[in-house]
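Residue-level structural notes
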Amino acid sequence: MAMESNWAAEHLQVIRTLMERSALYRRALAPIMTYNGVLGIVGGAVGWAAKIDSSRGFIGYWAGVGLAALAGSFVLVRRQALKESEPFWSPPTRRVAQALLPALFVGSVAGLLALLCPTWDFLQPRALPPFWILLYGCSLTGAGFFMHRGIKLLGWLFIFCGSALMATRCQTAGSLSSLNGHFVMGCVFGGLHLASGIYLYFTEPRRNET
Amino acid sequence: MNPEAFLQLDRVIHEKGRLAIMSMLAAAPELSFTEMRDTLKMTDGNITTHIRTLQEAGYLSVTKSFQNNRPLTTCSLTTAGKKAFTNYINLLEEIIQQTKPK
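Residues numbered from 1 in each chain as written. Chains lettered and ligands numbered in written order. Predicted model: local features only at pLDDT ≥ 70, side-chain atom pairs only at ≥ 80, totals over all residues.

Of all hydrophobic cores here, the largest spans 33 residues; its most connected members are Ile 133, Tyr 136, Ala 143, Phe 158 and Val 188 of chain A. Sequence-distant contacts of Ala 143 of chain A, defined by excluding residues within four places in its chain, comprise Val 96, Ala 99, Leu 100 and Ile 151 of chain A. In terms of nonpolar packing, the next biggest core, distinct from the first, is built from 28 residues, Ala 20, Leu 31, Ala 84 and Phe 85 of chain B among them. (Core = buried A, V, L, I, M, F, W, Y, C linked by C-beta atoms within 7 Å. Buried ≥ 20, exposed ≤ 12 C-beta atoms within 10 Å, placed from the backbone. Contact = placed C-beta atoms within 7 Å.)

Right, let's talk about the packing of helix H2 (residues 30-49) of chain A against helix H3 (residues 55-83) of chain A for a bit. All names here are of chain A. Packing of H2 against H3 brings their axes to within 10 Å, and their N-to-C directions diverge by 160°. Judged by the angle between their axes, H2 and H3 are roughly antiparallel. Remark: the crossing between H2 and H3 carries right-handed chirality. Contact residues: H2 offers Pro 31, Ile 32, Tyr 35, Asn 36, Leu 39, Gly 43 and Gly 47, while H3 offers Tyr 61, Val 65, Ala 68, Ala 69, Gly 72, Ser 73, Leu 76 and Val 77. Its residues assigned to classes, the contact of H2 with H3 shows 10 nonpolar, five polar and no charged. (Axes fitted to C-alpha atoms, helices over the stretch in contact; angles between N-to-C directions. Helix = DSSP H or I, 4+ residues; strand = E, 2+ residues; numbered from the N terminus. Parallel < 35°, antiparallel > 145°, perpendicular 65-115°, else oblique. Left-handed = near helix turned anticlockwise from the far one by under 90°. Nonpolar A, V, L, I, M, F, W, Y, C, P; charged D, E, K, R; others polar.)

For the rest of this paragraph, the subject is H3 of chain A. Residue and element names in this part refer to chain A. Spanning 29 residues, H3 covers 42 Å between terminal C-alpha atoms, matching the ideal 42 Å at 1.5 Å per step. All buried positions along H3 are accounted for by Phe 58, Ile 59, Tyr 61, Trp 62, Val 65, Gly 66, Ala 69, Val 77 and Ala 81. Once H3 ends, the next one or two residues include Ser 85, with phi positive near 55°. (Expected span 1.5 Å × (residues − 1).)

Between chain B and chain A, the residue contacts involve 27 residues of the former and 23 residues of the latter. Mapped by element, the contributors of at least two residues to the side of chain B that touches chain A are helix H3 (16-27), strand S1 (31-32), helix H4 (33-40), strand S3 (70-77) and helix H6 (79-99) of chain B. When residues of the side of chain B that touches chain A are assigned to their parent elements, the largest contribution, six residues, is made by H3 of chain B. The residue inventory of the side of chain B that touches chain A, partitioned by class, reads 16 nonpolar, eight polar and three charged.

All right, on to the environment of Glu 93 of chain B then. Residues and elements named next belong to chain B. Secondary-structure assignment places Glu 93 in helix H6. Residue class for Glu 93 comes out partly exposed when judged on the 14 C-beta atoms lying within 10 Å of it. On a C-alpha basis, the gap between Glu 93 and Ala 5 in space is 9.5 Å, while along the polypeptide they are 88 residues apart.

With eight bridges connecting them, strand S2 (residues 60-67) of chain B and S3 of chain B associate as antiparallel partners. Residue pairing for S3 of chain B: Gln 67 of chain B is matched across the bridge by Arg 70 of chain B. (Pairing = 2+ DSSP bridges.)

Set out below in structure tokens:
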């Protein structure tokens, strides 16, 4: 009798595990992270070298980098889906997109308001980098519930970096200059993505050995 | 223990490979053939046989389409499949309840 019970409990456990696994996002993230990492670092370096110092220029420039990151990630995900003969807009992809969207939307609206409305004093334009980093961290931790565990950790790293930047601003008078903003964006967005891409490249299971 | 619950277990679903396919599809509206094959580490032939059995039982529907000129096969549970899977889970829980020490 105990054997029957154990057998049924084990069966239920296997079913639960498989149901959880089928709901997880399974695209290889290493190329996406590496692409975004390189783009972030190059973006930061170009922004700094080109001395894009005005608030409007800074926001517009990083909005462009953000769009390039989004478009590139989209192409990489789609290419993987086609290669694996799997639907691009699969249920796990939809869940991840839905989890990422709210915080990214808030970040975009904040950037847009700072760009278009000079009298908007809710958030100084130069306080945007820590704000964006925090929001991006929040979006990653949300999406991490539908991805492997490393993504949640990456999200927390972004949140810690954003918090540390806010704390730095509390200690030093004045705000980040745009040139320092490029440095921060390049180091945090570029550096963390690239580090994550390299880590995933060596640890992520390849297809057919999942 | 009342053997009734055990005897009522659906034999089509009860097989290990088919139960795995049903479990995956129960958590997702649809899954591609390759996704299931890779996750379950089954061979093409093995998974095709199980899918066919489930399809013949009316538990699973298969859709064949093209995505960028590449064939795309997706599977999803039918209403009967969802009902059969729920019944199977309920019976397993019943077996556990029956054998629990009072």
